Amino acid sequence: MLKPGDKMPSFEVSDQDGRTVRSEDFIGKGRKTVIYFYPKDNTSGCTAEACSFRDSYGQLREAGYDVVGVSKDSVKSHSGFRQKHELPFRLLADTDTRMLQDFGAWGEKKMYGKTTTGTLRRTFVFDENGVLERVIEKVDTKNAAAQILDSQG
């Protein structure tokens, strides 16, 4: 998994509109980047997390952050999820899990007493130059945005 001080891994995936998004799109643009990984569109925890970012999006932007959500769901799934919940930020479709793996957001987890392999809910905060400042491993889905905003220096 990435550690503070690491550079943002290189990636190229599609957003909810099928547009190509690359890691370079976030580096050197004068804004910090929040990349949050979540398991699945339209599930209760993932919806709560997305809506937390949506509801605090103005504050996040004002504080200098771009926000991007990532899961292995399809472009079509992301498009519907984004529209249904009026999300103002992009959702990236990492259907082959390469980005999830490169960031350390893919691995073993326990679900309903069973060990499975899948998306680990994690949030990564990068500075304007693409250097990792922070990893949030214990995401509070209902207060995900506050976890970013409350930690500002």
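Think of each chain on its own: its residues are numbered from 1, step by step along the sequence as written. Reporting in this predicted model follows two pLDDT cut-offs: at least 70 for local features of residues, and 80 or more for side-chain atom pairs to be given and counted; totals over whole chains, interfaces and linings ignore these cut-offs and use all residues. Note that water and hydrogens are dropped before the side-chain values are worked out from all heavy atoms of the structure.

Caption draft 1: Structural view of the nonpolar core. Among the nonpolar cores identified, the biggest contains 21 residues, and Y36, F53, L60, V67, F89 and I148 are the most heavily contacted of them. It only takes one pair of heavy atoms within 4.5 Å for two residues to be counted as in contact. When sequence neighbours within four positions are dropped, the list of residues in contact with I148 reads V34, F53, L60, Y65, T123, V125, R134 and I136. For our purposes a nonpolar core is just a set of buried Ala, Val, Leu, Ile, Met, Phe, Trp, Tyr and Cys residues, chained together by side-chain atoms within 4.5 Å. Type-normalised accessible area, obtained with a 1.4 Å probe on protein chains alone, sets the label of each residue: buried when under 20%, exposed when over 50%, and partly exposed for intermediate values. If you look at the next biggest cluster of nonpolar residues, it comprises 18 residues, including F26, V70, L100 and F103.

Caption draft 2: Representation of the sheet that holds strand β2 (residues 20-22) in the model. A strand pair is defined by DSSP finding two or more bridges across the two strands. Counting from the N terminus, the helices are the DSSP runs of H or I reaching at least four residues and the strands are the DSSP runs of E reaching at least two. Strands sit in the order β2-β1-β5-β4-β3-β8-β9 across an open sheet of 7 strands; the sheet is mixed. A strand with exactly one partner marks an edge of an open sheet, and here the two such strands are β2 and β9 (132-136). Strand-to-strand twist across the sheet, computed as the mean angle between neighbouring axes with direction ignored, equals 30°. Here 5 bridges tie strand β3 (residues 32-37) to strand β8 (residues 122-126), and the two strands are oriented antiparallel to one another. If you follow F37 over to β8, its bridge partner there is R122. Those strands touched by helix α1 (residues 44-55) are β3, β4 (65-71) and β8, and its axis lies near 160° from that of β3. Those strands touched by helix α3 (residues 75-84) are β1 (12-15), β4 and β5 (90-93), and its axis lies near 160° from that of β5. Convention adopted: a line fitted to C-alpha atoms gives each axis, helices being fitted over their contacting stretch, and angles between N-to-C directions are expressed from 0 to 180 degrees.

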